[in-house]
Amino acid sequence: MRVLLRLLLIGAALYLVIRYLIRLLFPARSGKDVQGAPRRRRSRIDEERISDASFKDISKK
């Protein structure tokens, strides 16, 4: 039983060390480094219709 537990702990330690080394050698690119325009979210209001519409001047009372 002790041998099995020892092998399990050694295997877990090796996995974590290898994973750490891979992250050091090949760092993941963060989203901040990505160039380009951000994605446009679809809005419920059609912005083109709003910009094309002509509104009447509202007089102040």
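To be clear, the structure that these remarks concern was listed above.
The rules we used
Along every chain, residues carry numbers that run from 1 in the direction the sequence is written. Under the rules for a predicted model, residues below a pLDDT of 70 receive no local features and side-chain atom pairs below 80 are neither given nor counted, while totals for whole chains, interfaces and linings still include all residues. Side-chain figures throughout are based on the complete set of non-hydrogen atoms in the structure, without hydrogens or water. In this text, helices come from DSSP runs of H or I with a minimum length of four residues, and strands from runs of E with a minimum of two, each type numbered from the N-terminal end. Summary of the burial criterion: residues with accessible area below 20% of their type's maximum are buried, those above 50% are exposed, and those between are partly exposed, where the area comes from a 1.4 Å probe applied to protein chains only. Methods summary: accessible areas were calculated by the Shrake-Rupley approach with a probe of 1.4 Å, and residue burial reflects only the protein chains presented. Under the convention used throughout, the expected extent of a helix is 1.5 Å for every residue step, that is, one less than its residue count. Distance thresholds for patches are 9 Å for like charges and 5 Å for nonpolar side chains (Val, Leu, Ile, Met, Phe, Trp, Tyr), applied to residues having over 30% relative accessible area and no salt bridge. When a carboxyl oxygen of Asp or Glu is within 4 Å of a side-chain nitrogen of Lys or Arg, the pair counts as a salt bridge.

Draft legend 1. Expanded view of the overall build of the protein. Check the secondary structure of the protein and you find 2 helices and 0 strands. In the protein, buried positions account for 0% of the 61 residues. For the protein, the accessible surface area stands at approximately 7600 Å², while carbon and sulfur atoms represent 60% of it.

Draft legend 2. Up close: helix α1 (residues 2–25). When the terminal C-alpha atoms of α1 are compared, their 35 Å separation across 24 residues agrees well with the 34 Å that a helix rising 1.5 Å per residue should span. Among the 24 residues that make up α1, 0 are buried, leaving the element largely open to the surroundings.

Draft legend 3. Spotlight on a nonpolar patch on the surface. A grouping of Ile10, Leu14, Val17, Ile18, Tyr20, Leu21, Ile22, Leu24, Leu25 and Phe26 is seen on the molecular surface, where their side chains present a nonpolar patch of about 1100 Å² in accessible area. What makes Leu24 exposed here is its relative accessible area of 53%.

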